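Single-letter residue listing:
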Amino acid sequence: MSNAEEPKVPAAPHIVGEEPMAAGKWLKLVKTTYVDRSGSTRAWETVKRTTRQTNTEADGVGIIALLKRTLHKDCVVMVKQFRPPMACHTLEFPAGLIDEGESAETAALRELKEETGYKGEVVGITPVTCLDPGLSNCTTQMVMVNINGDEGENINPMQQLGEKFVEVILLPLDEFQVKIDDLMKKEKIVVDAKVYIFAMGMVQAFFKPRELPVLKQ
C-alpha cells in the first residue's frame, strides 16, 4: 500500500462570527471571521446597512424606467445627484431602500414617484442581487417599469423629494450610451456601473447585426 498522504478535501467556506467595529445611523462596520476552502481562519472588514427590513433579503431597489410618449422617442428616466462619498455628481437609475412591509415592486413605484414624479407600471423584476460583495453585504432588486407619458399626471410630473436634491434626466433609449458619453465629456460626473453596463448591453442587443461568427483561417 502507498504511504502517500491522502489529498485534503477542500473545506466549505463558512462564517464563524462577526464582531462590531463601528456603527452610524445608516451603516455599520463589522469584523467578519470566516474559514476559507483550505481550512484557514481569516478575517474580513464588512460594511452593512442598519436599515434592512425583516421581510426581505434585499436592502433596496433600483428602477429601470422607460418613458413612452406619443410622437417621442422612448426615454430612460435617470437621476443626477451629488454623492458625498464620490465628491461629485453621479448619474444613476432611480433607487431607494425598501420600507418595512413593502414588496420590491411597491418600493420601486414609491421611489420612482418621489424622485422623478412619474407614475409607472412594473413589468419585470430581478432576483436579489449583490452590489459590491468585496466590501458589503448590500443587496438590491432591479425593477423594470413602463411609464405612460401621455397620462395627465405624467405630462408635468411633480417630485416628492423632501430634503433631497435630485435632477431628472431623460435619455433616449436608442442613443443611451452616446448621450451618457456626451454628458461625461461636458461635466464632472461619475456614472453608476449598473447604468453603463445597461447602456453597453443595449448597444450589443439592438444595434449590432446578428451575424454568425466567422473564424479566421
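Residues numbered from 1 in each chain as written. Predicted model: local features only at pLDDT ≥ 70, side-chain atom pairs only at ≥ 80, totals over all residues. Heavy atoms only, no water.

**Looking at the sheet that holds strand S3 (residues 41-49)**
Pairing between the strands of a sheet comes from backbone hydrogen bonds, and it takes one of two forms, parallel or antiparallel. Reading across the sheet, the 3 strands line up as S1-S2-S3 and stay open at both edges, with antiparallel pairing between neighbours. Each of the sheet's edge strands pairs with one partner strand only, and the pair in question is strand S1 (14-23) and S3. Here the average twist between neighbouring strands, direction ignored, is 25°. In the sheet, strand S2 (residues 27-35) pairs with S3 via 9 bridges, with the strands oriented antiparallel. Note that in S3 the partner of Thr33 across the bridge is Ala43. (Pairing = 2+ DSSP bridges. Helix = DSSP H or I, 4+ residues; strand = E, 2+ residues; numbered from the N terminus. Axes fitted to C-alpha atoms, helices over the stretch in contact; angles between N-to-C directions.)

**With respect to the pattern of salt bridges**
For side chains of opposite charge, pairing can occur when their charged atoms come near one another. On inspection of all chains with the given rule, the structure shows 17 salt bridges. Where Asp59 meets Arg52, a salt bridge forms, and the shortest distance between an N and an O atom there is 2.9 Å. Since its relative accessible area comes to 5%, Asp59 is described here as buried. The closest approach of N and O atoms between Lys119 and Glu153, which form a salt bridge, is 3.6 Å. Residue Lys119 is located in the loop between helix H1 (104-116) and strand S8 (121-125), and its partner Glu153 is located in helix H2 (residues 152-155); the two are separated by 34 residues in the primary sequence. Using a relative accessible area of 46% as the deciding quantity, one classes Lys119 as partly exposed. (Salt bridge = Lys/Arg side-chain N within 4 Å of Asp/Glu carboxyl O. Buried < 20%, exposed > 50% of the residue type's maximum accessible area, 1.4 Å probe, protein only.)

**Notes on the packing of aromatic side chains**
Scanning all chains against the criterion turns up 3 aromatic pairs. Taken together, a centroid distance of 6.4 Å and an interplanar angle of 70° make the contact between Tyr34 and Trp44 edge-to-face. One end of the pair, Tyr34, is in strand S2; the other, Trp44, is in strand S3, with 10 residues separating them in the sequence. Note on Tyr34: relative accessible area 19%, which makes it buried. What makes Trp44 partly exposed here is its relative accessible area of 41%. Ring plane angle 80° and centroid distance 5.7 Å describe the contact between Phe176 and Phe198, whose orientation is recorded as edge-to-face. Residue Phe176 is found in helix H3 (residues 176-186), and its partner Phe198 is found in helix H4 (residues 193-206); the two are separated by 22 residues along the sequence. Phe198 shares its class with Phe176; the two are buried. Through a chain of ring-to-ring contacts, the aromatic side chains of Phe93, Phe176 and Phe198 assemble into a single cluster. (Phe/Tyr/Trp six-rings, centres within 6.5 Å; stacked < 30°, edge-to-face > 60°.)

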